[in-house]
Amino acid sequence: MYLPPHDPHVDDPMRFKPLFRIHLMERKCATVECMYGHKGPHNGHIQIVKKDEFSTKCNQTDHHRMSGGRQEEFRTWLREEWGRTLEDIFHEHMQELILMKFIYTSQYDNCLTYRRIYLPPSSPEDLIQPGLFKGTYGSHGLEIVMLSFHGKKAKGTKITGDPNIPAGQQTVEIDLAHPLQLPDIETLRDFSELSRIVLEVQEQVRREEQEREQRQEEQEHSQQAASQPASPLGGEGAEGEETAAGAEGTTQDKAPASQPFVLPTGVISRNEDYPRTCRVCFYGTGLIAGHGFTSPERTPGVFVLFDDDRFGFIWLELKSFSLYSRIKVSFQNAQAPSQEAFDEMLKNIQFLAT
C-alpha cells in the first residue's frame, strides 16, 4: 500500500506499507500471509474474483488487535497516518473527522478487494503530463487524486477518499476553454475581487450551456438535420470554435512567462509553502458534500497551474485552497491500453463509490 506523506507536506515522497505476501511453493501451491497489524505475518487467503480483480482475507484477525484495545490502536494509527498524537490536534472538528476516518478504515482491515487502476493516457496537447497527485484536503489530510485530460476538460478523480467525498468521485473539473486572467498581485489579495471574476465566468459558462442546448433542440427538430451537415453557426460548429479558442489559449500557455501569485486574504491553506508564481489559471468546479456523501454539489473555483508537477485549486465557497504535488513513483504495467479502456475504468470506480 502506498500512503501519502504526513499532512501537509505534499512534496515529500510516498510511504510504502506491505499488506500481504505470497510464498510460491512446489507443484503450483502457495501460502498467503497477511502483513496487517503489529504482531508479524499470519495466515491469510487470496481469491481471484475476475479479470483485474482479486480479494484478500485475513484468517487470524486477532493479530490486528492490540493489548490496549481500540484506544491504543487509534493512537498508533494516528502516529503512523498523521505523524502526530491526539494531543497535537487542538481543533475539535478535526479530531472528529480523524476519528471518523479511523472507524471507517478499521472496518475493512480483514477483507479487502483490489481492482486494477490504469494511469491516464497522455497527449501532446495536454496542459501537463497527466498522472497521480498528492493533495491537501483541509482537516481530512492528504489524499490521492488522478489528473486526466478529456478534450477541453480536465478531471481530478479521487483515488483515496474521506467521509465527505469517497474515492472514485470527481473532486475537481477544469474548464480549459475558459482561462482566467488574474488581477495584479495587490488586487488579488482581495477575495471579493477574485470571487467577482470567477462568478462572471460561471455565468458565462451557464449561458453558453443554455445556448448549446437550445441549438441542439433546434437541430433535432430540423427536417434537414439528417441529410445535411450542420451549419457553421450550429451547435457543432460553435462548440468547435469554442474548443479551438480554448485549445489556442492552452497552447499559448504551455510555456508562458510566469506571473506572481498569492492567495487572497481569508483563504485557508494547510500548506503555506505554496509557489508564489504560476503559469496560468482556469475556471473550474469542485465537488463538496456533507458526511456520508450527502447533498453533493459542484461549486465554482480556480485551477492554478504552478509548474509541470504542481497545481492548486481555490474552493471559492469554502474559502479553502488545495495544493497538489505529483507522485513520482514508477508503476509498471499501469498504462491504459486505450482511451476507451481508461474512460470505462473511471466510470466503474465512480459507480462503485456511488
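Residues numbered from 1 in each chain as written. Predicted model: local features only at pLDDT ≥ 70, side-chain atom pairs only at ≥ 80, totals over all residues. Heavy atoms only, no water.

Participant: If you had to explain the packing of aromatic side chains to someone new, which residues and values would you point to?
Facilitator: Under the defined criterion, the tally for this structure stands at 18 aromatic pairs. Seen in terms of ring centroids, Y137 and Y324 are 6.0 Å apart; in terms of plane orientation they differ by 80°. Their pairing is edge-to-face. Taken together, the positions of Y137 in the loop between β8 (131-136) and β9 (142-150) and Y324 in strand β18 (residues 320-326) put the pair 187 residues apart, joining distant regions of the chain. Residue Y324 is classed as buried on the basis of its relative accessible area of 0%. What links up through ring pairs into an aromatic cluster is the set F133, Y137, F303, F311, F313, W315 and Y324. The ring of Y36 has K17 lying over it, and the distance from NZ or CZ to the ring centre is 5.2 Å. If you follow R276 out to its NZ or CZ, it ends over the ring of Y274, 3.7 Å from the centre. (Phe/Tyr/Trp six-rings, centres within 6.5 Å; stacked < 30°, edge-to-face > 60°. Helix = DSSP H or I, 4+ residues; strand = E, 2+ residues; numbered from the N terminus. Buried < 20%, exposed > 50% of the residue type's maximum accessible area, 1.4 Å probe, protein only. Lys NZ or Arg CZ within 6 Å of the ring centre and 35° of its normal.)

Participant: Explain a nonpolar patch on the surface to me, and be specific about the residues and the numbers.
Facilitator: Where nonpolar side chains cluster on the molecular surface, the patch consists of Y2, F16 and F331 and spans about 330 Å² of accessible area. Its location among the elements puts F331 in the loop between β18 and α6 (339-353). (Patch = residues over 30% accessible without salt bridge, like charges linked within 9 Å, V, L, I, M, F, W, Y side chains within 5 Å. Areas by Shrake-Rupley, 256 points an atom, 1.4 Å probe, with all protein chains shown as cover. Salt bridge = Lys/Arg side-chain N within 4 Å of Asp/Glu carboxyl O.)

Participant: Can you tell me about the nonpolar core, naming the residues and giving the values?
Facilitator: Of all hydrophobic cores here, the largest spans 26 residues; its most connected members are L180, F261, V302, I314 and F321. Mapped onto this core, the elements with two or more residues apiece are α4 (191-221), β15 (280-290), β16 (294-307) and β18. Tallying contributions element by element places α4 first for this core, with six residues. Once residues lying within four places of it in the same chain are set aside, the contact partners of F321 are T136, L263, V267, I268, S269, Y274, F306, G312, F313, I314 and W315. Ranked by size, the runner-up nonpolar core spans 20 residues in total, among them F133, F149, A154 and I174. (Core = buried A, V, L, I, M, F, W, Y, C linked by side-chain atoms within 4.5 Å. Contact = heavy atoms within 4.5 Å.)

Participant: Which residues make up α4, and what values go with them?
Facilitator: Here α4 spans 45 Å end to end across 31 residues, near enough to the 45 Å set by a 1.5 Å rise per residue. Buried within α4 are the following residues: F191, E193, L194, S195, I197, V198, V201, V205, E208, R212 and R215. (Expected span 1.5 Å × (residues − 1).)

Participant: Please set out helix α1 (residues 69-82) residue by residue, giving values where relevant.
Facilitator: Its 14 residues give α1 an end-to-end C-alpha distance of 20 Å, which sits within 8% of 20 Å, the value for a rise of 1.5 Å per residue. Residues of α1 that are buried: E73, F74, T76, W77, L78 and W82. Following α1 by one or two positions, G83 adopts a phi angle in the positive range, close to 70°.

Participant: Residues and numbers for the pattern of salt bridges, please.
Facilitator: Per the stated rule, a full pass over the model turns up 23 salt bridges. Residue E73 is joined to R65 by a salt bridge in which the shortest nitrogen-to-oxygen separation is 3.1 Å. Relative accessible area serves as the criterion here: at 8%, E73 is assigned to the buried category. The shortest N-O distance in the salt bridge between K158 and D162 comes to 2.7 Å. Judged on exposure class, the residue K158 and its partner D162 are both buried. Among the charged side chains, a salt-bridge network with shared partners connects D11, D307 and R310.

Participant: I'd like a rundown of unusual backbone geometry, residues and numbers included.
Facilitator: Most peptide bonds take the trans configuration, and most residues that are not glycine carry a negative phi. Of note, the bond from D7 into P8 is cis; its omega dihedral lies within 30 degrees of zero at 0°. Mapped onto the fold, P8 is located in the loop between β1 (2-3) and β2 (15-16). The phi dihedral of K319 falls on the positive side, at around 50°, and the residue is not glycine. Structurally, K319 is set in the loop between β17 (310-315) and β18. Of note in the backbone geometry, N333 takes a positive phi value of approximately 55° without being a glycine.

Honestly, that's just the spatial picture; any functional story needs more than this.
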